[in-house]
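So the chains spell out like this:
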Amino acid sequence: YTRGTVKAFSPFDARADAEALRKAMKGMGTDEEAILKILTSRNNSQRQEIASAFKTLFGRDLVDDLKSELSGKFETLMVSLMRPTYIFDAHALKHAIKGAGTNEKVLIEILASRTPAEVQNIKQVYLQEYEANLEDKITGETSGHFQRLLVVLLQANRDPDGGVNEALVEQDAQVLFRAGELKWGTDEEKFITILGTRSISHLRRVFDKYMTISGFQIEETIDRETSGDLEKLLLAVVKCVRSIPAYFAETLYYSMKGAGTDDDTLIRVMVSRSEIDLLDIRQELRKNFAKSLHQMIQKDTSGDYRKALLLLCGGDDE
């Protein structure tokens, strides 16, 4: 992953950073700016080293201190930056399916966009950290075709990318066409199996072929023939097959567009993609929405929260 905005900081001194953070939180008043500058300019593994140095030097837990000294969205952002990378997605899913009501948006975003290897890792971590089976938890909170597609994605058995067989491309495109456009009521199962199991390069060809056969983009058919969470999940899968950075560009765009900001989504995407592909996401946002991520954040957020997000964003695409 070299398309992130956050890279390892050099020269890095975990103890010096720990001391600077302690100083920023000690006594009266908190120096928020010092905190955000350090945490946004170190990568996740360096932040973990800082936390460990902090405990060694002061016998205090850095995350607990941040929670008691900061508040609101800024606190959420700083605490999210401190969460170890490997547990980030598992933690987000755990909170999406806990208590009253499930946050389907989080399930859709994570399970549609992560690679099979990442999904396998999420399942393992979930089991280790929460002593629970992620699939059981998700099936307990969802139903119908939405649930089935989530389960297919959780199997993380998508065909690996290889040579594309044009005859199979043609066949899948015809099956989807018959299941969607030609039938009263859609045969959702066909969509679930094909979108959930075929390789990425195969599916990209299927989408082109579908357009040729039907005269529609597959997104248009999904939009017309399905609804609710299933529709959102199918669309997310299609978009991620086409381009993961473009999917996240759209996700960020809609988290800030219009009245009110979906801060949970904004924070989750900015933190989780900052070391992976945020540069590509910025480019796609510029290309597809004629907006710069930097300017959208600038306009939609304020205070230390804004400062930290702008540093994570890493630059403006005029």
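Just so we're clear, the structure is a prediction, and the values are computed from it rather than from any experiment.

Definitions and cut-offs
- Residues numbered from 1 in each chain as written.
- Predicted model: local features only at pLDDT ≥ 70, side-chain atom pairs only at ≥ 80, totals over all residues.
- Heavy atoms only, no water.
- Helix = DSSP H or I, 4+ residues; strand = E, 2+ residues; numbered from the N terminus.
- Rg over C-alpha atoms; globule rule 2.2 N^0.38 Å.
- Buried < 20%, exposed > 50% of the residue type's maximum accessible area, 1.4 Å probe, protein only.
- Areas by Shrake-Rupley, 256 points an atom, 1.4 Å probe, with all protein chains shown as cover.
- Lys, Arg positive; Asp, Glu negative; His and termini not counted.
- Charge placed at Lys NZ, Arg CZ, Asp CG, Glu CD.
- Core = buried A, V, L, I, M, F, W, Y, C linked by side-chain atoms within 4.5 Å.
- Contact = heavy atoms within 4.5 Å.
- Domains from an automatic or database assignment.
- Buried area = accessible area lost by both parts, 1.4 Å probe.
- Salt bridge = Lys/Arg side-chain N within 4 Å of Asp/Glu carboxyl O.
- Polar contact = N/O pair within 3.5 Å; in protein donor to acceptor, adjacent residues only side chain to side chain.

Draft legend 1. Representation of the overall build of the protein chain. In terms of regular secondary structure, the protein chain is built from 20 helices and zero strands. Against the 2.2 N^0.38 benchmark of 20 Å for 318 residues, the protein chain shows a C-alpha radius of gyration of 21 Å, consistent with a compact globule. Expressed along its principal axes, the backbone C-alpha trace of the protein chain runs to roughly 70 × 45 × 40 Å. Out of the 318 residues in the protein chain, the part that is buried amounts to 47%. When the accessible surface of the protein chain is summed, it comes to about 15,000 Å², and 49% of that surface belongs to carbon and sulfur atoms. On the protein chain, the mean spot of the 43 positive side-chain charges and the mean spot of the 50 negative ones are 2 Å from each other.

Draft legend 2. Just the nonpolar core, in detail. Judged by nonpolar contacts, the single largest core of 95 residues is most densely connected at Met 78 and Met 270. Top element by residues in this core is helix 15 (residues 228-242). It accounts for nine residues. Beyond its immediate chain neighbours, meaning those up to four positions away, Met 78 contacts Ile 35, Leu 36, Leu 39, Leu 70 and Ala 308.

Draft legend 3. Examining the environment of Phe 74 more closely. With respect to the helices and strands, Phe 74 occurs in helix 5 (residues 72-82). C-alpha of Phe 74 to C-alpha of Ile 267: the two residues are 193 residues apart in sequence and 9.6 Å apart in space. When neighbours within four sequence positions are excluded, Phe 74 is seen to be in contact with Glu 32, Leu 36, Asp 304, Tyr 305 and Ala 308.

Draft legend 4. Examining the domain arrangement of the protein chain more closely. According to the domain assignment, the protein chain consists of domain 1 (14-85), domain 2 (86-155), domain 3 (166-242) and domain 4 (245-313). Domain 2 and domain 3 are separated by 23 Å when their C-alpha centres are compared. Contacts between the two partners involve eleven residues from domain 2 and, on the opposite side, 13 residues from domain 3. Note on domain 2 versus domain 3: buried area summed over both sides is about 1,100 Å², and carbon and sulfur give 84% of it. Interface area lost by domain 2 to domain 3 is led by Ile 108, His 145 and Leu 149, which between them contribute 48%. Joining domain 2 to domain 3, the criterion identifies zero salt bridges. Linking domain 2 with domain 3 are zero residue pairs in polar contact (both at pLDDT 80 or more). Looking at the side of domain 2 that touches domain 3, the elements with two or more residues in it are helix 7 (104-113) and helix 10 (144-155).

Draft legend 5. Spotlight on the side chain of Ser 255. Checked against the element boundaries, Ser 255 lands in helix 16 (residues 244-256). For Ser 255, a relative accessible area of 3% translates into the label buried. Ignoring sequence-local partners within four residues, the contact set of Ser 255 consists of Gly 260, Thr 261, Asp 262, Thr 265 and Leu 266.

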